[in-house]
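Structural description and commentary
What follows is each chain in one-letter form.
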Amino acid sequence: MHVYILELGMLAPLNLSPKPSTVCGVLSISMEGGSGSSSPCPLDKEFSDQIAVLLSPPSPESIKDYYDELMKTRKCNNLKINFSNSSGKAVYAIKEFEEGELVLKDQILVAAQHSSNKVDCLVCSYCFRFIGSIELQIGRKLYLQELGLSANKECKESLSRFPEKACTRVLDDIKKHSVSNGSHDIGSSTYTNSKDNSIPTEVLHSLINGNMSLPYTNLFALPSIFYCPGGCKEEHYCSKLCTDLDWESFHSLLCTGRNTESSKRDAILKFIEHSNGTNDIFILAAKVISCTILKFRKLKRLRFKENEKRAKLDETDFPLLLEAWKPVSMGFKKRWWDCIALPNDVDSSDEASFRMQLRDLAFTSLQLLKEAIFEDECAPLFSLEIYGHIIGMFELNNLDLVVASPVEDYFIHIDDLPSPEKVEAEKLTRPLLESLGDEYSVCCQGTGFYPLQSCMNHSCCPNAKAFKRDEDKDGQAIIIAARPIVKGEEITISYIDEDLPYDERQTLLADYGFGCMCPRCLEEMPGM
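Okay, so let's go over this structure. Owing to the predicted nature of the structure, the values given are computational and were not obtained by experimental measurement. (Residues numbered from 1 in each chain as written. Predicted model: local features only at pLDDT ≥ 70, side-chain atom pairs only at ≥ 80, totals over all residues. Heavy atoms only, no water.)

**Describing the packing of helix 15 (residues 406-416) against helix 16 (residues 421-436)**
Cut-off, in case you're wondering: Orientation is described by lines fitted to C-alpha atoms, with helices fitted over the stretch in contact, and by angles between N-to-C directions that extend from 0 to 180 degrees. Strands here are runs of E lasting at least two residues and helices are runs of H or I lasting at least four, both read from the DSSP assignment and numbered beginning at the N terminus. To sort the angles, those under 35 degrees are grouped as roughly parallel, those over 145 as roughly antiparallel, those from 65 to 115 as roughly perpendicular, and the leftovers as oblique. Left-handed describes a crossing whose near helix is turned anticlockwise from the far helix by less than a right angle; the clockwise case is right-handed. Pairs of residues are marked as contacts when any of their non-hydrogen atoms sit within 4.5 Å. Three classes are used, and their members are as follows: Ala, Val, Leu, Ile, Met, Phe, Trp, Tyr, Cys and Pro are nonpolar, Asp, Glu, Lys and Arg are charged, and the others, Gly among them, are polar.
Where helix 15 meets helix 16, the axes come as close as 10 Å, and the angle between the chain directions of the two elements is 140°. Comparing their axes, helix 16 and helix 15 come out oblique. In this structure, helix 15 crosses over helix 16, and the sense of that crossing is left-handed. When helix 15 is examined against helix 16, the residues Y410, F411, I414 and D415 are found in contact with a partner set consisting of K422, A425, E426, T429, L432, L433 and L436. Among the residues making up the contact of helix 15 with helix 16, the classes are represented as seven nonpolar, one polar and three charged.

**Focus: the sheet that holds strand 9 (residues 444-449)**
The following threshold applies: When DSSP finds two or more bridges between two strands, those strands count as paired.
Strand order across the open sheet formed by three strands is 5-9-8, with antiparallel pairing between neighbours. Each of the sheet's edge strands pairs with one partner strand only, and the pair in question is strand 5 (110-113) and strand 8 (399-403). Each strand of the sheet is rotated relative to its neighbour by a mean of 30°, with strand direction disregarded. The pairing of strand 8 with strand 9 spans five bridges and is antiparallel. Within strand 9, the position partnered with V402 by the bridge is Q445.

**As for helix 13 (residues 351-373)**
The condition is simple: Expected span of a helix, by definition, is 1.5 Å for each gap between consecutive residues, and there is one gap fewer than residues. Think of it in three bands: with a 1.4 Å probe and only protein chains considered, a residue is buried below 20% of the maximum accessible area for its type, exposed above 50%, and partly exposed in between.
Taking 1.5 Å of rise per residue, the 23 residues of helix 13 would be expected to cover 33 Å, and the 33 Å separating its terminal C-alpha atoms lies within 8% of that figure. Turning to helix 13, its buried residues number three or more, namely F354, R355, M356, L358, R359, A362, F363, S365, L366, L369, A372 and I373. Elements that come into contact with the buried residues of helix 13 comprise helix 8 (240-254), helix 9 (262-277), helix 10 (281-303), helix 12 (336-339) and helix 14 (384-397).

**Overview of the environment of A404**
Turning to its location among the elements, A404 is positioned in the loop between strand 8 and helix 15. What makes A404 partly exposed here is its relative accessible area of 22%.

See below:
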């Protein structure tokens, strides 16, 4: 059995540790853009009143109503969420939990697979379940590894700038040039390159196209692949349900398929290129804005007659935007460039300059996104103030999205077979495993925001932990009891490595804006 411990994630490529927080303090809204200078975005001033309302902390009544409804919808009957002005949101048990028992399975509000991880893992773009087949996963990964290791600079740059497009193009080329009558002898010497243990190209073609079956893969069946209804080749799904949900929730605004108008498609591609080259946290922010716009449209359709349109956001439309924004309003937020921890290699004297660079980077990203999906009625969403707070929400609340690879499970199964079955199977699987090397077990990795998990407070002696079990095959957050939990006890997790010494823990937690006063810290506090 192999288990994956989920961590409160690190947002690449900046080598900085995002810190989750659940304390809803009162936000001081300023349109100065943070770090003591005026905002370069004119929308910050034009829509300052609406922005202030969007970023105002929800009332305790609104928080209670929202989470009560969410808990009811998700059938979380064993937990409740309380709110206080002093300590913010907190999750409590309303039944006893045994050690190792499932406490919470939390659905994703918004998440994205890391761009670089798309080379290794083909997963559903909505629920992040592995899709296709074991053969496809192995053949695809090996083919792309060969492409990445080639001396062709253009291929390497394509993988770094547009990994999903590079992967799709390669698979399309394979299908066009499929070798239908070639040998399936993995030991064949018909193809050679710089790697001694390379697999013949025709074998990789056969694995990808389904013309070759590996032993025992029937025990690791994966969902069939469903394609984007907009015609793009970047997003794939495990079911029609996930296809429709992603289209209705996010992707219909961000699709680069044939059905998207060419200038808009080019603008989206520029935004994606910038995100992949700088920080894919911008992709998450774009999904939040897209989701809010699509919810706003839906609410407006319900409110107004068919085909009735308004040119600009007015007082009657703004409450609809607030309602569409509500799930995002519940997350604790600060400006990204103000809340991010200062890297160790940045001197404190350069802190202001560092934070200005982050703000300018975010503004560049926002301008590209605005070119792609801007809507007048939702203009406040495209202010730098809102964009910075959305990114900051992920910086402060995100959890690593991790889904174990079925390829790893498959090779473990082969290794556990009794002889002579193992000997016979490894005639086919051993060369593949050796060619994959340490990459055979790479899991799906990304970043997600989970509305219930994000309400859990920190303790250096937590009673629960984020923990992926063998049976957890998608991107939902899994929280299990780390020790017995009694009815009425607060559910806590650790935001940091709780094995660190007291001083180091307090230093890390200072980035959250609080000093920990849990029982362990009180006991270890100097002078106590």
